[in-house]
Amino acid sequence: MTDPQSDLFEMRRLESLSNTIFGVAMTLLAYDLPKPNFAQLPGWTELAHTYSGRRAGLVLSFIIAGVFWISHHRRLARQPFGSRFIVILNLFFLLSIVLLPVTNGLYGSYRLSSAVAVLYGVHLTIIAALNAALWWLALPGARSAEIVGAVFPVIVFVPGIAIAAFSPDYVQYFWMLGFGGFLARRWVRPAPAKAAEKIPQ
């Protein structure tokens, strides 16, 4: 339990809030799916035509939100207490998650628009950058696989913005490379522990 006069916050309270926010945001991703009223019984062609454009954006956004929820949960588990600045930065991170259904809805409806694809790519980059910054603050000066895994999506999403401007119809496949952060974590070995200093006799 923290000192009432302390400026540190218990991150478990933030974890409860973040679980709710992620759950609602991930559920709202499906809100913009078409609710058609077919004049006759639809066949496979009609169903594919109705949902094909929205399906890719929904799946991509849901997986991205799930990956960042896992990362967020792992980080809070390593950081039981946080400063006021850390909490505020976490709230901005959660705000970026709240806005995901909005940009996902735009991307699902107008994914061939370069402006919409760039906006969606900028949003993904902001989410990844905030997550990476929070990991960096949680493990300062550490050569951590978690930090590498958090920075990797940023490295993918930044050039993805340029690709979105010129090839909005193909950029979704490039964005999926951001999930390679899970593999990147496995390539990093923890720094060797320093040998204990000998105490003079």
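Going by the structure above, here's the rest.
Residues numbered from 1 in each chain as written. Predicted model: local features only at pLDDT ≥ 70, side-chain atom pairs only at ≥ 80, totals over all residues. Heavy atoms only, no water.

Participant: Just to check I follow, could you spell out a nonpolar patch on the surface for this structure?
Facilitator: A grouping of Ile88, Phe92, Leu95, Val98, Leu99 and Val102 is seen on the molecular surface, where their side chains present a nonpolar patch of about 530 Å² in accessible area. Looking at the nonpolar patch, the element that brings in the most residues is helix α3 (residues 84-98), giving four residues. Relative to the helices and strands, Val98 is located in helix α3. (Patch = residues over 30% accessible without salt bridge, like charges linked within 9 Å, V, L, I, M, F, W, Y side chains within 5 Å. Areas by Shrake-Rupley, 256 points an atom, 1.4 Å probe, with all protein chains shown as cover. Salt bridge = Lys/Arg side-chain N within 4 Å of Asp/Glu carboxyl O. Helix = DSSP H or I, 4+ residues; strand = E, 2+ residues; numbered from the N terminus.)

Participant: Sorry, what's going on with the environment of Gly160 here?
Facilitator: Mapped onto the fold, Gly160 is located in helix α6 (residues 145-166). Judged by its relative accessible area of 0%, Gly160 is buried. Considered as a pair, Gly160 and Trp175 are 15 residues apart in the sequence and their alpha carbons are 6.5 Å apart. If near-sequence neighbours (up to four positions away) are discounted, Gly160 is found in contact with Val171, Phe174 and Trp175. (Buried < 20%, exposed > 50% of the residue type's maximum accessible area, 1.4 Å probe, protein only. Contact = heavy atoms within 4.5 Å.)

Participant: I tried to follow α3 on my own but got confused; where do I start?
Facilitator: In this model α3 runs 21 Å from its N-terminal to its C-terminal C-alpha over 15 residues, within 8% of the 21 Å that 1.5 Å per residue would give. Among the residues of α3, those classed as buried are Ile86, Val87, Leu89, Asn90, Phe93, Leu94, Ser96 and Ile97. The arc that holds the buried residues of α3, viewed along the axis, is 170 degrees, so those residues lie on one side. (Expected span 1.5 Å × (residues − 1). Arc of directions from axis to C-beta.)

Participant: Looking at this structure, I do not really get the packing of helix α1 (residues 11-28) against α3. What am I missing?
Facilitator: Helix-helix packing is described using two parameters, namely the angle between the two axes and the distance between the axes. Contact pair α1 / α3: the axes reach a minimum separation of 9 Å and the direction vectors enclose 10 degrees. One way to sum up the angle between α1 and α3 is to call them roughly parallel. Of the residues in α3, those touching α1 at Met11, Leu14, Leu17, Ser18, Ile21, Phe22 and Ala25 are Ile86, Val87, Asn90, Leu91, Phe93, Leu94, Ile97 and Val98. Looking at the contact of α1 with α3 residue by residue, the classes come out as 13 nonpolar, two polar and no charged. (Axes fitted to C-alpha atoms, helices over the stretch in contact; angles between N-to-C directions. Parallel < 35°, antiparallel > 145°, perpendicular 65-115°, else oblique. Nonpolar A, V, L, I, M, F, W, Y, C, P; charged D, E, K, R; others polar.)

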